[in-house]
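Residues per chain are reported as follows:
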There are 2 protein chains.
Amino acid sequence: MEELPRYRQVYEALRQAISEGRYAPGDLLPSEHDLCQRYSLARPTVRKALDQLVSDGYIQKHQGKGSIVKGAPRGIGILSLSGTTSAVGRPDFFTRIILKPELRPWTEAFGFPINAAEQQAGCIYFERLRVLDDAPVFLDITMLPNIGLPNFTSYNLENASLFNFLRTQYQIVVTGGMQQLLAIRADKRQREYLHVKSGSPILQLNRKIETSRPGFHIYSQVFCSTRKYGLIGTF
Amino acid sequence: MEELPRYRQVYEALRQAISEGRYAPGDLLPSEHDLCQRYSLARPTVRKALDQLVSDGYIQKHQGKGSIVKGAPRGIGILSLSGTTSAVGRPDFFTRIILKPELRPWTEAFGFPINAAEQQAGCIYFERLRVLDDAPVFLDITMLPNIGLPNFTSYNLENASLFNFLRTQYQIVVTGGMQQLLAIRADKRQREYLHVKSGSPILQLNRKIETSRPGFHIYSQVFCSTRKYGLIGTF
DNA sequence: CCTATAAATTTGTATATACAGGTTGTCAAC
DNA sequence: GTTGACAACCTGTATATACAAATTTATAGG
């Protein structure tokens, strides 16, 4: 197991504390000076952790005052960098495999161009359904190139974030990406999985996700019924 | 005029250079060491500028290699921090005022709670239509509290980014915000303005935007037809 | 009690430095 | 020519330090 950088450890600790409500919205986080002493770190290191929390929307900083907790970014944070499951972080959020990972040739990648190496390697394709409160919320179609992923199809992705899975199994981490948003009418298949009526408007999200492995991209298409839950993101 | 911090100056300079294509996608930015010498700055200062460019999606960094230009974030960047008009940056992108700014009492703020001071001050309300290629794309409803905005209603917001306007006229800058995304069926009014058929699915975006002025928020609701253009964002 | 001033606290900006770790190119050995 | 070792270069992480600027708290004076 690889050791996380120290600023990352502080970030994770504070992030978890906020997520669990140990720091409530409106509370002041310990001052940078305090955090330095608690973790035996220099101020720039602690500041790096806090900067990350700011950009993730967990806290706000005010000069002369301190770091004010805003709380965990609410809702279904699919618009943020974190993987869906980890971002949601609710115990009643389940993932159901509709179609197990299988190898097939590339046809298209949700409108995104794919490079020659990806085309050559073939496509690992699988479909998952995300369920919250016994109600289906996402229909999630994922495609990734079959490059350096031994035994991928034999693993079970049930209730595991794909991003965490790639990180722990293959040391692949997400570095960014782009996404396209559309409002569409649900077709027959989406109606059945998402339990919506005929012609209901649903969100379609096409994502191309970049990773630490050069040339390795994850292509993801998400259909989402926003009748009960809207997608929420902070910026 | 206030002097920008030095890391911000470097950020703005590089950002502009990338936007103008002086660094093309795929190019390597000068190394941190080079940038330090050019701007006579220490490395942490330059790194702070580069970190910002990374999080804004302009560049990618690779250890041992350098900073690779990705280019200016494309598409209709309504999901990003920048204001709509400035983010789009296309000459054929027009803003038409549907309802001029007027003062009215607050009724609701697109589901977001408003604080007592905002409630007390009253609401500046206006509606705009964003047009691209002679086709309407956004219907944009904006509400902001009438706090310290002298003569606001007398200005003309036509073809001016609200964010730029607030910054230049009132020194109010956007620091962040949250947004909620829904897929809905267009109602009669939205149909007419967006030129879509009855019952067409459209995107609804509710945003609460935070500013450098404490307690001053901008509430914005956007309806968007994604038939021709999908909303695009990077992360 | 209230007010104005000063001090303490806290975050913002900036520098200088050191070493670790990944990438690329060079150059000698085979 | 190919390989392998090494050097040069680049970003990543971390520390120590200094001063500026905003806020809060304490203090002294009325």
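Worth saying up front: this structure is predicted, and the values here are computed from it rather than measured.

### Details of the protein's contact with DNA strand C
At step 1: Around DNA strand C, the surrounding shell holds 24 residues, and the nearest of these are Glu-32, Arg-43 and Arg-47 of chain A together with Arg-6 and Thr-45 of chain B.
At step 2: Considering the 4 Å shell around the protein, atoms of DNA strand C inside it are sugar or phosphate in 70% of instances.
At step 3: Between DNA strand C and Lys-48 of chain B, the relevant distance is 3.3 Å, taken from a phosphate oxygen to a side-chain nitrogen or oxygen of the residue.
At step 4: Interatomic distance of 3.3 Å between a backbone N/O atom of Gly-64 of chain B and a sugar or linking oxygen of DNA strand C.

### Thoughts on the packing of helix α2 (residues 32-39) of chain A against helix α3 (residues 43-55) of chain A
All names here are of chain A.
At step 1: For the pair α2 and α3, the least separation of the axes is 9 Å and the interaxial angle reads 110 degrees. Taken together, α2 and α3 sit at an angle that is classed as roughly perpendicular. Mapping the contact onto sequence places Glu-32, Leu-35 and Cys-36 in α2 and Arg-43, Val-46, Arg-47 and Leu-50 in α3.
At step 2: By residue class, the composition of the contact of α2 with α3 is four nonpolar, no polar and three charged.

### Some thoughts on a positive patch on the surface
At step 1: On the surface, a cluster of positive charge is made up of Arg-185, Lys-197, Arg-227 and Lys-228 of chain A together with Arg-185, Lys-197, Arg-227 and Lys-228 of chain B.
At step 2: Relative to the helices and strands, Arg-185 of chain B resides in strand β6 (residues 174-185).

### Topic: helix α3 (residues 43-55) of chain B
Residue and element names in this part refer to chain B.
At step 1: The end-to-end C-alpha separation of α3 is 18 Å, in line with the 18 Å expected for 13 residues at 1.5 Å each.
At step 2: Within α3, the full set of buried residues consists of Val-46, Ala-49, Leu-50 and Leu-53. The arc that holds the buried residues of α3, viewed along the axis, is 95 degrees, so those residues lie on one side. Exposed residues on α3 whose side chains face more than 90 degrees from its buried face are Pro-44 and Ser-55.
At step 3: Structurally, α3 contributes buried residues whose contacts are with α1 (6-19), α2 (32-39), β1 (59-62) and β2 (66-69).
At step 4: A positive backbone phi angle near 85 degrees is found at Gly-57, which sits one or two residues after α3.

### Some thoughts on the pattern of salt bridges
All names here are of chain A.
At step 1: Here the structure, examined in full by the defined rule, presents 23 salt bridges over all chains.
At step 2: One salt bridge in this structure joins Arg-22 and Glu-20, with 2.3 Å as the shortest N-O distance.
At step 3: With relative accessibility at 53%, the residue Arg-22 sits in the exposed group.
At step 4: Taking the shortest distance from any N to any O, the salt bridge between Lys-61 and Glu-32 comes out at 2.8 Å. Highlighted residues: Lys-61 in strand β1 (residues 59-62) and Glu-32 in helix α2, separated in sequence by 29 residues.
At step 5: Look at Glu-32 and you get buried, because its relative accessible area is 13%.

Procedures and definitions
Residues numbered from 1 in each chain as written. Chains lettered and ligands numbered in written order. Predicted model: local features only at pLDDT ≥ 70, side-chain atom pairs only at ≥ 80, totals over all residues. Heavy atoms only, no water. Near = heavy atom within 4 Å. Polar contact = N/O pair within 3.5 Å; in protein donor to acceptor, adjacent residues only side chain to side chain. Axes fitted to C-alpha atoms, helices over the stretch in contact; angles between N-to-C directions. Helix = DSSP H or I, 4+ residues; strand = E, 2+ residues; numbered from the N terminus. Parallel < 35°, antiparallel > 145°, perpendicular 65-115°, else oblique. Contact = heavy atoms within 4.5 Å. Nonpolar A, V, L, I, M, F, W, Y, C, P; charged D, E, K, R; others polar. Patch = residues over 30% accessible without salt bridge, like charges linked within 9 Å, V, L, I, M, F, W, Y side chains within 5 Å. Areas by Shrake-Rupley, 256 points an atom, 1.4 Å probe, with all protein chains shown as cover. Salt bridge = Lys/Arg side-chain N within 4 Å of Asp/Glu carboxyl O. Lys, Arg positive; Asp, Glu negative; His and termini not counted. Charge placed at Lys NZ, Arg CZ, Asp CG, Glu CD. Expected span 1.5 Å × (residues − 1). Buried < 20%, exposed > 50% of the residue type's maximum accessible area, 1.4 Å probe, protein only. Arc of directions from axis to C-beta.

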